[in-house]
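Observations on chain architecture
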Amino acid sequence: MQLLIFGPPGAGKGTQAVRIAQAMEIPHVSTGDLFRANMRDGTELGKKAQEYVTGGELVPNEIVIAMALDRIGQADCQKGFLLDGFPRDVEQAEQLEKWLLERGKNITAVLSVELDDETIIQRIISRRVCRSCGATYNVSAQPPKVENVCDQCGGPVVQRPDDQREVIENRLSVYKKQTAPVEEFYRKRGVLKTISGDGDMDSVFGRIQEVLSDFERS
Ligand code: ADP
Ligand code: ADP
Ligand code: ZN
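So, a few notes on the structure that sits alongside this text.

Rules of the game
- Residues numbered from 1 in each chain as written.
- Chains lettered and ligands numbered in written order.
- Predicted model: local features only at pLDDT ≥ 70, side-chain atom pairs only at ≥ 80, totals over all residues.
- Heavy atoms only, no water.
- Near = heavy atom within 4 Å.
- Polar contact = N/O pair within 3.5 Å; in protein donor to acceptor, adjacent residues only side chain to side chain.
- Areas by Shrake-Rupley, 256 points an atom, 1.4 Å probe, with all protein chains shown as cover.
- Helix = DSSP H or I, 4+ residues; strand = E, 2+ residues; numbered from the N terminus.
- Nonpolar A, V, L, I, M, F, W, Y, C, P; charged D, E, K, R; others polar.
- Pairing = 2+ DSSP bridges.
- Phe/Tyr/Trp six-rings, centres within 6.5 Å; stacked < 30°, edge-to-face > 60°.
- Buried < 20%, exposed > 50% of the residue type's maximum accessible area, 1.4 Å probe, protein only.
- Lys NZ or Arg CZ within 6 Å of the ring centre and 35° of its normal.

**With respect to the site of ligand 2**
Surrounding ligand 2, one finds 18 residues, the nearest of these being Gly10, Gly14, Thr15, Arg127 and Tyr137. Here an oxygen atom of ligand 2 sits 2.8 Å away from a polar atom, N or O, in the main chain of glycine 14. Surface burial for ligand 2 is 91%, taken as the share of its 560 Å² of free accessible area covered by protein chains. Mapped onto the shell around ligand 2, the elements with two or more residues apiece are α1 (13-24) and β6 (136-138). Taken together, the residues that form the shell around ligand 2 break down as six nonpolar, eight polar and four charged.

This is the structure:
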């Protein structure tokens, strides 16, 4: 099962992806998480990505496509995976399709999470992440049990540098210009499932489970 979770920044993709990956027993592959881990560790890849991620621009395709395909080529992704944050433009979608086709695979379903800009901005402004393990929190909807301490690993819970208002606005405009057309790409292929990202995390997950169970029956 090759799943994609798609949608604007802050729609709740990562939050839902953790639950879906657990339920479906497939790895959650987030290109944003991969970049942040590389930046934190000061790798060559992290250094190349840094200025783009910090400014809310897309990391160039020659970097991100190689990284994503390398990750889903690993052994744990053989039985399936859930991609989050990739593909983010049509070129990435085409390269992913080609790579899968060469391996006799395709995208099973794309879960497209929809949310209005106002709610997106509120959610991103109050987002916090663990610097050590990447776990996501929210000061209003999902705070860690102990302030600024990760429930999962005890690491420091911080704000992402790109979760500042001006950068968020740029990420939204990049999304509309470069990423939104990817939705049409998958609609044409008949695999797009739209899901409202509104309401609490359990309600959104319930909608996703419904879509996935329909899908498993057919
Ligand atoms: P969000 O959770 O807000 O949607 P991500 O964590 O997915 O953001 O991504 C953070 C940043 O990482 C992006 O703004 C971009 O700079 C970079 N990035 C992640 N995935 C991609 C991709 N597929 N193509 C280009 N850049 C990417
Ligand atoms: P994305 O991966 O799409 O950028 P996240 O999963 O990181 O989005 O969610 C953005 C922020 O909103 C996080 O702080 C997260 O805890 C919070 N969040 C996610 N889903 C919901 C929800 N249904 N209701 C309220 N807050 C949410
Ligand atoms: Zn942690």
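Past the structure itself, the notes keep going.
**Some remarks on the sheet that holds β6**
Backbone hydrogen bonds are what pair the strands of a sheet, in a parallel or an antiparallel way. Pairing within the open sheet is antiparallel, and its three strands lie in the order β6-β5-β7. Two strands in the sheet have a free side with no partner beyond their single neighbour: β6 and β7 (157-158). Note that strand β5 (residues 127-130) and β7 share two bridges and pair antiparallel. Paired with valine 129 across the strands is valine 158, a residue of β7.

**Concerning the packing of aromatic side chains**
Tallying each qualifying case throughout the model produces two aromatic pairs. Considering the side-chain rings of phenylalanine 6 and tyrosine 175, the 6.1 Å spacing of their centres and the 45° angle between planes classify their relative orientation as tilted. Taken together, the positions of phenylalanine 6 in strand β1 (residues 2-6) and tyrosine 175 in helix α7 (residues 165-179) put the pair 169 residues apart, joining distant regions of the chain. Here the aromatic rings of phenylalanine 185 and tyrosine 186 are separated by 5.0 Å at their centres, their planes lie at 80°, and the arrangement is edge-to-face. Grouping residues by exposure puts phenylalanine 185 and tyrosine 186 together as buried. A cation sits over an aromatic face here: arginine 103 above tryptophan 99, 4.0 Å from the ring centre.

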